[in-house]
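One letter stands for each residue in the lines below.
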Amino acid sequence: MWGGRFQGGPAAVMREINASIAVDKRLWKQDIAASRAHAAMLSMQNILSPEDARAIDLALAEVGLEIERGELVEDPALEDIHMHVEHRLSQKIGAAAGRLHTARSRNDQVATDFKLFVRDCCDQAIAGIYALEDALLARAEQHADAVMPGFTHLQSGQPVTLGHHLMAYREMLVRDRSRFADARRRMNESPLGSAALAGTGFDLDREATAAALGFDRPTANSLDAVSDRDFAVDYLHAAALCSVHLSRLAEEIVLWASQPFGFVKLPDAWSTGSSIMPNKRNPDAAELVRGHSARVIGDLVALLVLLKGLPLAYAKDLQDDKPPLFDAHDLLGLSLAAMAGMIADLAFVPERMRAAAAAGHATATDLADWLVSEADVPFREAHHVAGSAVAAAEAKGKALDELTLDELRAVDPRIDQRALARLSVESSVAARRSAGGTAPERVRQAIAAARAQQAGREGR
Ligand code: ARG
């Protein structure tokens, strides 16, 4: 299709390095949609006869059906999906097929197809995130009161509720969702009609093709349009950060499912066994979600590095934009689905969580807070008293909330009966009623607000 000035054909390795069909065949639907929009516009502008436009449109629809049935015949000599579609078109309608490429280049064609694909990836990511949020909300509601240890430095800090912990991940996902929605909004300009790099002398209606393909408007600069892949970077950045969030949640599941924690029991559906150790129940899906995030981060970095040295406008390096994008899209979709499934099916073990929350004198802050609010002790001093109480408990081999009133008063006589009631993990979480805090009533409010937001199914 471009061989007019050539005498010899390409070397075998040239053909191999040049061909992208094995990868970019995934753009077939977008390629056909963009070509049909282009042909319809050419006809409206009297650049293409109504007869040719009709023949092209019908045949393109047929080619789409063929590819959908798995009938695409891959030929490295035809390089990419754009030439495969056009070649098949020419087999069907002959010379008229050659008119489709009027006022168009593969440069604006691939930018358009790829953008349509990435736009769809954003929509799919948002749908996948919503599904995971729904799973988190259901489990958070179920365990709004369940007490577990809250960690800093992975040391027991203060008791929290499992509902609060799960809702923390929901917050990350809300931000992820808004990043995908934002990326989608920003990318929604049509490159079609930018031609090879400089625009075209034909009297195109770029507004028409943009509207036909669901874009908000045509892009403003042809040089930028054919070489811009920021939209894919935006997607990959949102995907990488979302993957990092999923990886953190996966890491929690791996920890919680381990014997020393025992906070959750992995259901059979989300575990694998060991071929040598019959006792094993391994959290492979969670580990793979954690592992996949490394690849998605790599995909983002690969595209950034690909772009950084490119002068305007198109260069063939850009053909390598697709593997990282496709890889990240596939991995993210799987990770979101696996995480939603695991969260829905995990069997939490609230007794283990509560026991762990009570260990480690996790209500020492509550004793200090009580001294501040009921005995008018300055916080720094109260902190010191509570620390001494912890040391006294440790010396006696007891938990802080197992100390008797006399034992506590030996530490500081300002402590009275009322303080004892504050030292259980339940009263500790119930006390943390500040906005955004872990008190069960706050968690229930957060869940209700989230449900109202979910019902609207809109980015934040
Ligand atoms: N397969 C190419 C790509 O994905 C299409 C654009 C080819 N353009 C060109 N000037 N050779 O980037």
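As shown above, the structure is provided for reference.
Considerations on the overall build of the protein chain
Turning to step 1, where the next piece is worked out: Within the protein chain, the regular secondary structure consists of 19 helices and six strands.
Turning to step 2, where the next piece is worked out: Computed over its C-alpha atoms, the radius of gyration of the protein chain comes to 30 Å, more than 25% above the 23 Å expected for a compact globule of 460 residues.
Turning to step 3, where the next piece is worked out: A buried classification covers 47% of the 460 residues belonging to the protein chain.
Turning to step 4, where the next piece is worked out: When contacts within the protein chain are restricted to residue pairs at least 6 apart in sequence, those whose partners lie at least 24 apart make up 76%.

Quick look at the nonpolar core
Turning to step 1, where the next piece is worked out: Within the largest apolar cluster, 92 residues are counted, with the highest numbers of intra-cluster contacts made by Leu132, Phe180, Tyr235, Leu246, Leu325, Leu332 and Met339.
Turning to step 2, where the next piece is worked out: With 15 residues, the single largest contributor to this core is helix α10 (residues 230-257).
Turning to step 3, where the next piece is worked out: By size, the runner-up hydrophobic cluster in this structure holds 19 residues, among which are Leu367, Leu371, Ala382 and Leu408.

Re the pairing of strand β1 (residues 147-152)
Turning to step 1, where the next piece is worked out: The pairing of β1 with strand β2 (residues 155-161) spans six bridges and is antiparallel. Bridge pairing in β2 links Thr152 to Gln155.
Turning to step 2, where the next piece is worked out: Two successive antiparallel strands, β1 and β2, enclose a turn made up of two residues, where His153 displays a positive phi of approximately 60 degrees.

Quick word on the site of the ligand
Turning to step 1, where the next piece is worked out: Around the ligand sit Ser20, Asp24, Asp80, His82, Arg106, Asn107, Val110, Tyr314, Lys316, Gln319 and Lys322, and that is every residue in its neighbourhood.
Turning to step 2, where the next piece is worked out: Residue Asp80 places a side-chain N or O atom 2.8 Å away from a nitrogen atom belonging to the ligand.
Turning to step 3, where the next piece is worked out: Residue Gln319 places a side-chain N or O atom 2.7 Å away from a nitrogen atom belonging to the ligand.
Turning to step 4, where the next piece is worked out: Looking at the shell around the ligand element by element, the count peaks at three residues for helix α6 (residues 106-142).
Turning to step 5, where the next piece is worked out: The residue makeup of the shell around the ligand, split by class, is two nonpolar, four polar and five charged.

Let's talk about a nonpolar patch on the surface
Turning to step 1, where the next piece is worked out: A cluster of nonpolar side chains, Val244, Ile297, Val301, Leu304 and Val305, forms an exposed patch at the surface whose accessible area comes to about 370 Å².
Turning to step 2, where the next piece is worked out: By residue number, the principal contributor to the nonpolar patch is helix α11 (residues 284-308), which donates four residues.

As for the packing of α10 against helix α12 (residues 322-345)
Turning to step 1, where the next piece is worked out: At a minimum axis distance of 10 Å, the contact between α10 and α12 shows a crossing angle of 35 degrees. For α10 against α12, the interelement crossing comes out left-handed. Touching Ala232, Tyr235, Leu236, Ala239, Cys242, Ser243, Leu246, Leu249, Ala250 and Ile253 of α10 are Pro324, Leu325, Ala328, His329, Leu332, Ser335, Leu336, Met339, Met342 and Ile343, all from α12.
Turning to step 2, where the next piece is worked out: Its residues assigned to classes, the contact of α10 with α12 comprises 17 nonpolar, three polar and no charged.

Remarks on the packing of aromatic side chains
Turning to step 1, where the next piece is worked out: Considering all chains together, one arrives at seven aromatic pairs under this definition.
Turning to step 2, where the next piece is worked out: Aromatic side chains Phe180 and Tyr235 sit 5.4 Å apart centroid to centroid with 50 degrees between the ring planes, which places their arrangement in the tilted category. Taken together, the residues Phe180 in helix α7 (residues 162-187) and Tyr235 in helix α10 connect sequence positions 55 residues apart. The burial state of Phe180 is the same as that of Tyr235; both residues are buried.
Turning to step 3, where the next piece is worked out: The ring of Phe326 has Arg26 lying over it, and the distance from NZ or CZ to the ring centre is 4.7 Å.
Turning to step 4, where the next piece is worked out: Its end group placed over the ring of Phe114, Lys322 keeps NZ or CZ at 5.5 Å from the ring centre.

A few points about the pattern of salt bridges
Turning to step 1, where the next piece is worked out: Overall, the coordinates contain 35 salt bridges when judged by the stated rule.
Turning to step 2, where the next piece is worked out: Among the salt bridges present, the one from Arg26 reaches Asp330, with a minimum N-O distance of 2.8 Å. Of this pair, Arg26 sits in the loop between α2 (21-24) and α3 (28-44) while Asp330 sits in helix α12; the two residues are 304 residues apart in sequence, bridging distant segments of the chain.
Turning to step 3, where the next piece is worked out: Look at Asp330 and you get partly exposed, because its relative accessible area is 36%.
Turning to step 4, where the next piece is worked out: The shortest N-O distance in the salt bridge between Arg177 and Glu133 comes to 2.6 Å. You can see Arg177 sitting in helix α7 and its partner Glu133 sitting in helix α6, a full 44 residues away along the chain.

Thresholds applied
- Residues numbered from 1 in each chain as written.
- Predicted model: local features only at pLDDT ≥ 70, side-chain atom pairs only at ≥ 80, totals over all residues.
- Heavy atoms only, no water.
- Helix = DSSP H or I, 4+ residues; strand = E, 2+ residues; numbered from the N terminus.
- Rg over C-alpha atoms; globule rule 2.2 N^0.38 Å.
- Buried < 20%, exposed > 50% of the residue type's maximum accessible area, 1.4 Å probe, protein only.
- Contact = heavy atoms within 4.5 Å.
- Core = buried A, V, L, I, M, F, W, Y, C linked by side-chain atoms within 4.5 Å.
- Pairing = 2+ DSSP bridges.
- Near = heavy atom within 4 Å.
- Polar contact = N/O pair within 3.5 Å; in protein donor to acceptor, adjacent residues only side chain to side chain.
- Nonpolar A, V, L, I, M, F, W, Y, C, P; charged D, E, K, R; others polar.
- Patch = residues over 30% accessible without salt bridge, like charges linked within 9 Å, V, L, I, M, F, W, Y side chains within 5 Å.
- Areas by Shrake-Rupley, 256 points an atom, 1.4 Å probe, with all protein chains shown as cover.
- Salt bridge = Lys/Arg side-chain N within 4 Å of Asp/Glu carboxyl O.
- Axes fitted to C-alpha atoms, helices over the stretch in contact; angles between N-to-C directions.
- Left-handed = near helix turned anticlockwise from the far one by under 90°.
- Phe/Tyr/Trp six-rings, centres within 6.5 Å; stacked < 30°, edge-to-face > 60°.
- Lys NZ or Arg CZ within 6 Å of the ring centre and 35° of its normal.

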